[in-house]
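Report on the structure
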Amino acid sequence: MNLLGFFSSHRAEILEATLAHLFLVVVSMAIAIAIGVPLGMILVKRARLRAMALGFASVLQTIPSLALFGFLIPLPLLGGIGTRTATVALVLYALLPILRNTVVGLTNLDPAVLEAAEAMGMTETQVLMRVRFPLGLSVVLAGVRTATVITIGVATIAAAIGAGGLGTFIFRGVAMVNDAVILAGAIPAALLALAADGALGLLERKLKVV
Amino acid sequence: MNAKAVDHSEITVAFHAVKYCAPNHTATPILSDITLEIRRGETVVLLGRSGSGKTTLLKLVNRLLKPSAGEISVNGQPTDLVDPIRLRRGIGYVIQEGGLFPHYTVAENIGLVPGLEGWGRDRIEARIAKMMQLVGLELGEFGGRKPRELSGGQRQRVGVARALAADPEILLMDEPFGALDPVTRAELQNEFADLARRLGKTILFVTHDLREAMRVGSRIVMLAGGRIVADAPPSEFLRVDHAEVRAFANSFAMPNEARA
């Protein structure tokens with residue numbers, strides 16, 4: 001069966017898988033941001049803990065995704081087969097770029113501006129919320145952007161543990177040795193990644209100060 | 001000129017036997033034996049070459065740095081007994097290039113400390129207008145601009161306006177005009193000297209420029225190697241018998257003056 005033929009005959013199925021994929025990515029990213037950004041903010045003033053947290057997140061990143069999914073399956077509460085386990089794994093992968101960029105964005109600022117803020121009698125929280133965060137926001141967002149693109153890609157592998165999404169087509173296509181079926185998963189996933197990258201890149205430039 | 005009634009006998013900032021060592025460098029103190037009393041309304045210039053400790057001395061006043069030994073008092077209170085946030089809200093701070101917040105407009109930069117102090121919106125707006133007038137910037141033209149849309153001289157004016165916004169009694173200035181071209185610098189120095197006399201604030205002004213010291217100061221304190229080596233009003237400063245004073249005087253002499 002040719003590619004276009006497969007796409008048109010499986011329109012509804014592809015759309016459904018794309019939405020499931022998107023849902024998995026959005027939920028995972030929301031959780032990763034909710035953990036990574038506040039954690040990064042807490043770590044701004046704690047150098048030793050910061051090194052530990054970034055080291056831990058880097059180690060997580062080095063675990064091959066298929067292996068991480070495998071490790072998670074036997075775990076109680078977090079594990080098992082399905083979307084929940086996939087979400088846990090995707091959150092762990094997304095954490096490093098978000099955490100690292102939050103820390104870098106909030107610490108790598110003009111020292112004169114930080115000194116002025118302190119000398120004006122701002123509390124640590126005020127410096128964080130009114131100076132560090134707005135000035136570092138575009139760098140934080142760059143981390144979210146990287147994490148989103150990674151998550152869209154890794155989420156295809158989540159189909160291996162029954163989480164659904166576009167990976168379903170890819171695994172099926174590999175098993176059937178059918179390129180059209182593989183591409184029915186790969187092309188929408190690539191388009192999703194490009195669209196997310198473009199949209200977040202636009203937002204990032206908009207929020208950039210100076 | 002409506003000069004404020006200022007009691008010049010009152011001591012606003014006092015250093016007593018202060019020593020400061022950088023963390024991990026306790027063998028070579030940056031400042032030693034600093035004893036200094038600054039009276040209300042004085043403009044004290046801290047003059048010295050790079051590394052003489054003048055900026056360090058300035059930062060000890062608002063507790064950006066803590067002394068290794070000795071005591072510093074502001075308005076009669078030892079600074080280690082005061083909440084540093086409260087202390088700093090009462091002390092204006094101006095640095096080179098202004099240290100303005102790039103994500104805030106000029107007006108927002110100036111209104112920041114009054115905002116932190118919980119002033120009402122109308123009072124803050126009135127204050128912003130007054131401060132901009134004070135430093136010679138048109139509110140309508142510049143109030144809504146971001147710092148990057150200003151020239152160096154304008155940024156420095158905003159820095160001064162921001163430091164004065166909450167009406168602090170003390171002003172700390174760390175080479176505020178250092179990054180400006182010579183013409184703009186001279187303009188700002190003269191305006192500032194005039195402003196300082198009118199406002200009656202106690203001012204500590206760091207510079208390595210003898211001409212600037214002469215122009216803005218009512219008293220020049222010279223630092224060398226972390227110690228005070230001269231302390232005199234501008235009119236008598238050049239007569240102080242110290243090698244560092246002579247070194248500064250020579251370096252600033254015009255060629256024809258040097259020959260004479």
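Model, not experiment: these values are computed from the prediction.

**Observations concerning the overall build of chain A**
If you tally the helices and strands in chain A, you get nine helices and zero strands. Starting at the N terminus, the α and β elements of chain A follow one another as α-α-α-α-α-α-α-α-α. Taken along the three principal axes of its C-alpha coordinates, chain A extends 70 × 40 × 20 Å. Residue burial in chain A is summarised as follows: out of 210 residues, 39% are buried. Restricting the contact set of chain A to residue pairs at least 6 apart, pairs at least 24 apart contribute 74%.

**What about the packing of helix H4 (residues 65–72) of chain A against helix H5 (residues 83–107) of chain A?**
All names here are of chain A. Between H4 and H5, the shortest axis-to-axis distance is 10 Å and the interhelical angle comes to 130 degrees. With respect to H5, the element H4 is oriented oblique. Our pair here, H4 against H5, has a crossing hand that is right-handed. In this structure, H4 uses Ser65, Leu68, Phe69 and Leu72 to contact H5, whose residues at the interface are Thr85, Val88, Ala89, Leu92 and Tyr93. For the contact of H4 with H5, the residue count by class is seven nonpolar, two polar and no charged.

**Things to note about the interface of chain A and chain B**
A common measure of how large an interface is: the accessible area buried when the components associate. Every contact between the two is made by 16 residues of chain A and, on the other side, 16 residues of chain B. The biggest single contributor to the side of chain A that touches chain B is helix H6 (residues 111–119) of chain A, with six residues. Here the side of chain A that touches chain B is built from residues that sort into 11 nonpolar, three polar and two charged.

**Overview of the sheet that holds strand E4 (residues 69–74) of chain B**
Residues and elements named next belong to chain B. Strand order in the open sheet formed by four strands is E2-E1-E4-E5, with antiparallel pairing between adjacent strands. Since the sheet does not close on itself, it has two edges, and those belong to strand E2 (31–39) and strand E5 (77–78), each with one partner. Here strand E1 (residues 11–20) pairs with E4 via five bridges, running antiparallel. Residue pairing in the sheet places alanine 14 in a bridge with serine 73 of E4.

**Brief notes about the domain arrangement of chain B**
All names here are of chain B. Taken domain by domain, chain B comprises domain 1 (1–87 + 170–177 + 194–260) and domain 2 (91–168). If you average the C-alpha positions of domain 1 and of domain 2, the two centres end up 25 Å apart. In this assembly, 11 residues from domain 1 lie in contact with 10 residues from domain 2. Sort the elements by how many residues they give to the side of domain 1 that touches domain 2 and strand E7 (residues 170–174) lands first, with five residues. Split by residue class, the side of domain 1 that touches domain 2 holds eight nonpolar, one polar and two charged.

**Overview of the pairing of strand E3 (residues 43–47) of chain B**
Residues and elements named next belong to chain B. Most of E3 is tucked away: five of the five residues are buried. Of the two faces of E3, both are covered, the one formed by Thr43, Val45 and Leu47 as well as the one formed by Val44 and Leu46. Where E3 lies against strand E9 (residues 219–224), four bridges are found, and the strand directions are parallel. By the bridge assignment, valine 45 is partnered in E9 with isoleucine 220.

So, how was this worked out
- Each chain has its residues counted from 1, following the order in which its sequence is written.
- Each chain gets a letter, beginning with A, and each ligand a number, beginning with 1, in the order they are written.
- Whole-chain, interface and lining totals are the exception, using all residues; otherwise, since this is a predicted model, local features are given only for residues with pLDDT of at least 70 and side-chain atom pairs are given and counted only at 80 or more.
- Numbering of helices and strands runs from the N terminus, with a helix taken as a DSSP run of H or I at least four residues long and a strand as a DSSP run of E at least two residues long.
- The exposure scheme places C-beta atoms from the backbone and then counts, for each residue, the other C-beta atoms within 10 Å of its own, assigning buried at 20 or more, exposed at 12 or fewer, and partly exposed in between.
- We call two residues in contact when their backbone-placed C-beta atoms lie within 7 Å.
- Only the stretch in contact is used when a helix axis is fitted, and all axes are lines through C-alpha atoms; the angle between N-to-C directions ranges over 0 to 180 degrees.
- Angles are sorted into four bins: roughly parallel if under 35 degrees, roughly antiparallel if over 145, roughly perpendicular if 65 to 115, and oblique for all others.
- The hand of a helix crossing depends on one turn: near helix anticlockwise from the far one by less than a right angle means left-handed, and clockwise means right-handed.
- Residue classes follow a fixed rule: Ala, Val, Leu, Ile, Met, Phe, Trp, Tyr, Cys and Pro count as nonpolar, while Asp, Glu, Lys and Arg count as charged, and any other residue, Gly among them, counts as polar.
- In this analysis, strands are considered paired if DSSP registers two or more bridges between them.
- Domain extents, as shown, originate in an automatic or database domain assignment.

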